[in-house]
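Take a look at the letters that make up each chain.
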Amino acid sequence: MEYSIVVLAAGYSHRFGGDKRLASIQGEPMLLRTLQATMAAASTLEDTQIQVVIRARDPVIANGLRNMPVQVLHAPVWPVGIGASLAFCVEQLQRQGANPRAVLVCLGDMPFVEPETMVTLLQSAREDRICVPVCAGTRGYPIAIGRRYLTALSRLRRSGVEKVLRIYSDAVYDVEVPDPAINCDINRPDDFHAAVRQDLFGKIFASRDTAPGERLPSLLE
């Protein structure tokens, strides 16, 4: 395996008020939109596999991913968080004997990141480099982490990727990308409505499915 694209989708969406992974964006679940972008990126790279980390007990999402070209991993019951999910994924890769040159850490609630951005980050990756996307002077996600730092990722539990960035700050490499979606994660319903805007690059992220203040539709309904 040359590269691993890890999509973290094990959270409980407490601030969203429902399972945001199933929130409808132009008729498709948010998580599916995210995965479509990762699959498009993986298709242009050599020997790249996608891992999706979901909740320990997550039958609806697991069934929905069953026929997709991704490896589904169930996060531990406790602790719950980005650090624990990522550590678990890296542990599983190591147990399988996989040793990717870099791991691209993606968030399941960032469905508008362009596949080209993911490709650029992985192509910029090195074993001893941590590549962070930058747009309009602001850092965001996804983050490509080189092989040398995978052991550090496997030790994360109650902390996030930011801890790795702090510890290995000398290895952090900023990658300029023309993609404002690297800073568009959806934690609350208002975040979705804020994404429906024309940004600095004249790009509209998504068409408005509901009016501001309304509950977002779910594909479970």
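Here, every reference points to the structure presented above.
Treat the numbers as computed from the prediction; the structure is a model and nothing was measured.

(A) Spatial organisation of the overall build of the chain. Within the chain, the secondary structure is distributed over seven helices and 10 strands. Look at the contacts in the chain between residues 6 or more apart in sequence, and 67% of them connect residues 24 or more apart. In the structure as shown, the chain presents an accessible area of about 10500 Å², 48% of it carried by carbon and sulfur atoms.

(B) Broad picture of the packing of aromatic side chains. Under the definition given, this model contains one aromatic pair. Ring geometry for Y149 against Y168: centres 4.8 Å apart, planes inclined by 50°, an arrangement best described as tilted. With Y149 in the loop between strand 9 (143-146) and helix 5 (150-154) and Y168 in the loop between helix 6 (161-167) and strand 10 (172-176), the pair connects residues that are 19 residues apart, well separated along the chain. Relative accessible area serves as the criterion here: at 6%, Y149 is assigned to the buried category. When its relative accessible area of 31% is taken as the criterion, Y168 is described as partly exposed. Across from the ring centre of Y12, 4.5 Å away, lies the NZ or CZ of R55, which sits over that ring.

(C) How the structure looks around unusual backbone geometry. In this model, Y141 is joined to P142 through a cis peptide bond whose omega is 5°. By secondary structure assignment, the location of P142 is in the loop between strand 8 (138-139) and strand 9. Phi at D47 takes a positive value of approximately 50°, unusual for a residue other than glycine. Mapped onto the elements of the fold, D47 is located in the loop between helix 1 (30-42) and strand 4 (48-54). Take D47: its relative accessible area is 41%, and that puts it in the partly exposed class.

(D) Structural context of helix 4 (residues 115-124). Across the 10 residues of helix 4, seven count as buried, placing the element largely inside the fold. Residues of helix 4 that are buried include every one of P115, T117, M118, V119, L121, L122 and S124, and no others. Those residues of helix 4 hidden inside the fold are in contact with strand 1 (3-8), helix 1, strand 6 (102-107), strand 7 (130-135), strand 9 and strand 10.

Procedures and definitions
Residues numbered from 1 in each chain as written. Predicted model: local features only at pLDDT ≥ 70, side-chain atom pairs only at ≥ 80, totals over all residues. Heavy atoms only, no water. Helix = DSSP H or I, 4+ residues; strand = E, 2+ residues; numbered from the N terminus. Contact = heavy atoms within 4.5 Å. Areas by Shrake-Rupley, 256 points an atom, 1.4 Å probe, with all protein chains shown as cover. Phe/Tyr/Trp six-rings, centres within 6.5 Å; stacked < 30°, edge-to-face > 60°. Buried < 20%, exposed > 50% of the residue type's maximum accessible area, 1.4 Å probe, protein only. Lys NZ or Arg CZ within 6 Å of the ring centre and 35° of its normal.

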